[in-house]
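What the coordinates show
Residue strings, one per chain:
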Amino acid sequence: MKTIVIIAAGGSGSRMNAGINKVLLPLCGKTVLRRSMEAFAVHADRMVVTARPEDMEAVRREIESAPLPFPVVVAEGGASRQESVLNGLRAADCEPADVVMVHDGARCMADADMIERVLGSCLRSGSGVPVLPVTDTIKECGADGTVLRTPDRSVLFKAQTPQAFRYRELLEASEQAARDGFTATDDASVMEHAGFPVHTVEGSPRNIKLTSREDLMEAQRMIEQQVPVFRVGHGYDVHRLVPDRKLVLCGVDIPWEMGLLGHSDADVALHALMDAMLGAAALGDIGQHFPDTDPAYRGISSILLLKETNRIIREKGYSVVNADITIAAQKPKLLPHIPDMRKNVAAALGCPVDSVSVKATTTEKLGFEGRMEGISAQAVCLIQGTASVSSD
């Protein structure tokens, strides 16, 4: 089962009166769209962004500028949000049981905790929709402005996105709505129309939809109230060299007569990096998270473990700013493989290649590395999180 995120970015944002699609507006150094995409960096296996034909080139540039650890495709939007989502579903290349999270591109303040609640609800019960209770008194009025009734606000909730459903059910409901000529403003309504139950979870007050200039200013205020927190971690690992094993370093198969012994693929460089990341976030070490007594990790690619480590620290609000890995090995010569190593690490972390450094050194034939009994690696990484500060 995979998780596919559809970002609906096909609106014009006329109420913003900006002259361009509001998702392409800058917000504290990044576009609204980029912030919306990055919110799902550890929750998605694939992403589809729906866009107007005139915005597709600009959207593609945004995707290229936001290195994400999953593939992103652009699909042409439709005449309505509902039609755009249907186009995105058809372009998503999903299996029936996959989870689809549909998100408004203008909701760039979605946080990881809320996304986890939405995804967890969908995995448990087939749907997850974030909502907030209505706190104002609501009046239903006629065309002349006369109050017709006052609904009980205790049963009223405001729906947000992302909204998560099983792919087969959402596609079926969306196609039925198209046949029936049924129009809705969110995907939960489409599912309700088709008779599917919709389950809600707690939304987030920060998850505002940018509709007006005032909304944009409010999002800017929230971002500016967060101050960056930087933490440094160091990791070290050693593996023994043995015959009849592949030598894998930073996810690259290195042709050589010996390889490293270990429960997983024994990628000593990535193990050092994972320990550095976990150490920076004060989250233990790889032995705690991926014990060598667990058969689930036997022979597993350490690139997969690196992606999971990245997810773990992102759940705590951290992301890797840069990483520096040093591999100590007398042989083989590693310099030709370093560009691919850097690309692999950057792709797993969802960061630019120039944020990843990989170096190789010998020990001048000293120590166990010099005797070619094993290979060691050290890594240092800088991670960044945010902390809210009072406006007082």
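Report follows, based on the coordinates. (Residues numbered from 1 in each chain as written. Predicted model: local features only at pLDDT ≥ 70, side-chain atom pairs only at ≥ 80, totals over all residues. Heavy atoms only, no water.)

1. Observations concerning the overall build of the protein chain
Secondary structure summary: the protein chain contains 12 helices and 19 strands in total. Taken along the three principal axes of its C-alpha coordinates, the protein chain extends 90 × 50 × 40 Å. Within the protein chain, the fraction of its 392 residues that count as buried is 49%. Within the protein chain, counting contacts between residues at least 6 apart in sequence, those at least 24 apart form 72% of the total. With the model as given, the accessible surface of the protein chain reaches about 18,600 Å², and the carbon-plus-sulfur share is 50%. Side-chain charges in the protein chain split into 42 positive and 51 negative, and the spacing between the mean points of these groups amounts to 2 Å. (Helix = DSSP H or I, 4+ residues; strand = E, 2+ residues; numbered from the N terminus. Buried < 20%, exposed > 50% of the residue type's maximum accessible area, 1.4 Å probe, protein only. Contact = heavy atoms within 4.5 Å. Areas by Shrake-Rupley, 256 points an atom, 1.4 Å probe, with all protein chains shown as cover. Lys, Arg positive; Asp, Glu negative; His and termini not counted. Charge placed at Lys NZ, Arg CZ, Asp CG, Glu CD.)

2. Regarding the packing of aromatic side chains
As enumerated under the stated definition, the model contains 1 aromatic pair in all. With centroids separated by 5.5 Å and ring planes inclined at 80°, the aromatic side chains of Phe290 and Tyr297 adopt a geometry described as edge-to-face. You'll find Phe290 and Tyr297 in the same group, each marked buried. (Phe/Tyr/Trp six-rings, centres within 6.5 Å; stacked < 30°, edge-to-face > 60°.)

3. What about the side chain of Gln330?
With respect to the secondary-structure elements, Gln330 resides in the loop between strand S17 (319-328) and helix H11 (338-349). Within polar-contact distance, the side chain of Gln330 engages the backbone nitrogen of Lys365 at 2.9 Å. (Polar contact = N/O pair within 3.5 Å; in protein donor to acceptor, adjacent residues only side chain to side chain.)

4. As for the nonpolar core
Counting 51 residues, the largest nonpolar core has Leu249, Leu273, Leu306, Ile325, Ile327, Met341 and Val345 as the members making the most contacts within it. For this core, the element with the most residues is helix H8 (residues 268-280), which contributes 10 residues. Val23, Met47, Val49 and Met101 belong to the second largest nonpolar core, which has 33 residues in total. (Core = buried A, V, L, I, M, F, W, Y, C linked by side-chain atoms within 4.5 Å.)

5. What to know about the pattern of salt bridges
Considering all chains together, one arrives at 19 salt bridges under this definition. As a salt-bridge pair, Lys246 and Asp253 come within 3.4 Å of each other at their nearest N and O atoms. What makes Asp253 partly exposed here is its relative accessible area of 44%. Each of Arg81, Asp104, Arg107, Asp187 and Lys209 takes part in a single network of salt bridges with overlapping partners. (Salt bridge = Lys/Arg side-chain N within 4 Å of Asp/Glu carboxyl O.)

6. Let's talk about the packing of helix H10 (residues 302-315) against H11
For the pair H10 and H11, the least separation of the axes is 8 Å and the interaxial angle reads 40°. The pairing of H10 with H11 is recorded here as oblique in orientation. The interaxial crossing formed by H10 with H11 has right-handed handedness. Along its contact with H10, which presents Ile303, Leu306, Lys307, Asn310 and Arg314, the element H11 presents Asn344, Val345, Ala348 and Leu349. (Axes fitted to C-alpha atoms, helices over the stretch in contact; angles between N-to-C directions. Parallel < 35°, antiparallel > 145°, perpendicular 65-115°, else oblique. Left-handed = near helix turned anticlockwise from the far one by under 90°.)

7. A short note on unusual backbone geometry
Across the chain, the bulk of peptide bonds are trans and the bulk of non-glycine residues have phi less than zero. Cis geometry is adopted by the peptide bond preceding Pro162, which originates at Thr161 and carries an omega value of 10°. With respect to the secondary-structure elements, Pro162 resides in the loop between strand S10 (157-159) and strand S11 (163-166). Look at the link from Lys331 to Pro332: it is a cis peptide, with omega at 0°. Position of Pro332 relative to the elements: it lies in the loop between S17 and H11. Its identity as a non-glycine residue notwithstanding, Ala266 has a phi of 60°, on the positive side. Mapped onto the elements of the fold, Ala266 is located in the loop between strand S16 (258-260) and H8.

Everything listed is a geometric property; what it means functionally is a separate question.
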